[in-house]
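Chain and residue survey
Spelled out from the first residue to the last, the chains are:
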Amino acid sequence: MPPIGKAPPNLVGCMLGRACMEHPAMFHDVDRYWYGEPSNPCQNRRQVLEQYMAYLEKAYPRRCGDDQDELVTSRILLSSQPSPFRVTKKCPICHTGCTTPKNENEQQPLQSMEERLRQPSKIITRVMDRSFKPILGMFFGLPKSKFYRKELERLSRDAKLRNCGPAHVLKCVLESLPDELLDQDFCPTDEMTNIPVHHAPDQSNKRKRSK
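In this report, we go over the structure that sits alongside the text. Being a predicted model, the structure only gives us computed values, none of them experimental.

This part is about the environment of Arg-149. Within the secondary structure layout, Arg-149 lies in helix H6 (residues 145-156). It is 8.9 Å that separates the C-alpha atoms of Arg-149 and Phe-139, two residues lying 10 residues apart in sequence. If sequence neighbours within four positions are ignored, Arg-149 has contacts with Leu-136 and Gly-137.

Shown next, in the form of structure tokens:
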């Protein structure tokens, strides 16, 4: 259990603020450190981001294989909702098609690259930004951190990849990172040193001026 001693009686909670966004990996040890679990669900960044990709596939499905150009993905698809998109063709870019064809022996046709590139953007920019915001700081303090953020930004704006969905964009970014970085074990909480510290602005002068 964490060596925090007895909490003060007036403690209701604490605000983590920007730390969650700037350095999300610092919370990798919560299950073990705070809740006494024998281990944490993920041991490195690759495992975390692979699980996040699986979530993105469900929340914002790929739109590259459907022919419903009039439907635009602008919000999250809840797990209780059936997908409104009818995937009819395989994509020549991400090579995915319908996972449950009506006939198991039926082979889905592969789109031509020309046909694929004629598609309008069916996933809006806000969806891409929303998808990547929680993981922008995943490599905080590590080599390639800036490169990772720039690649997420660049590929999320790539019209050719947009309809393949945020999960595929993230997959492309991870493929450009070295394995040793992705597979590097998280540092135990007890040994962490590169934790961003945020100080609240001094309000005393502001109060004096208001008087």
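Further remarks concern the packing of H6 against helix H8 (residues 165-175). The relative placement of two packed helices comes down to the angle between their axes together with the axis-to-axis distance. At a minimum axis distance of 10 Å, the contact between H6 and H8 shows a crossing angle of 140°. What the angle tells us is that H6 and H8 run oblique. Seen from above, H6 lies across H8 with right-handed handedness. Listed contacts from H8 to Tyr-148, Glu-151, Leu-152, Leu-155 and Ser-156 of H6 are Val-169, Leu-170, Cys-172, Val-173 and Leu-174. Its residues assigned to classes, the contact of H6 with H8 comprises 8 nonpolar, 1 polar and 1 charged.

Contact pair helix H5 (residues 125-132) / H8: the axes reach a minimum separation of 10 Å and the direction vectors enclose 55°. By the angle between their axes, H5 is oblique relative to H8. As for how H5 packs across H8, the hand of that crossing is right-handed. Facing H5, whose interface residues are Met-128, Ser-131 and Phe-132, H8 presents Gly-165, Pro-166, Val-169 and Leu-170. Taken together, the residues that form the contact of H5 with H8 break down as 5 nonpolar, 2 polar and no charged.

Basis of the calculations
- Residues numbered from 1 in each chain as written.
- Predicted model: local features only at pLDDT ≥ 70, side-chain atom pairs only at ≥ 80, totals over all residues.
- Heavy atoms only, no water.
- Helix = DSSP H or I, 4+ residues; strand = E, 2+ residues; numbered from the N terminus.
- Contact = heavy atoms within 4.5 Å.
- Axes fitted to C-alpha atoms, helices over the stretch in contact; angles between N-to-C directions.
- Parallel < 35°, antiparallel > 145°, perpendicular 65-115°, else oblique.
- Left-handed = near helix turned anticlockwise from the far one by under 90°.
- Nonpolar A, V, L, I, M, F, W, Y, C, P; charged D, E, K, R; others polar.

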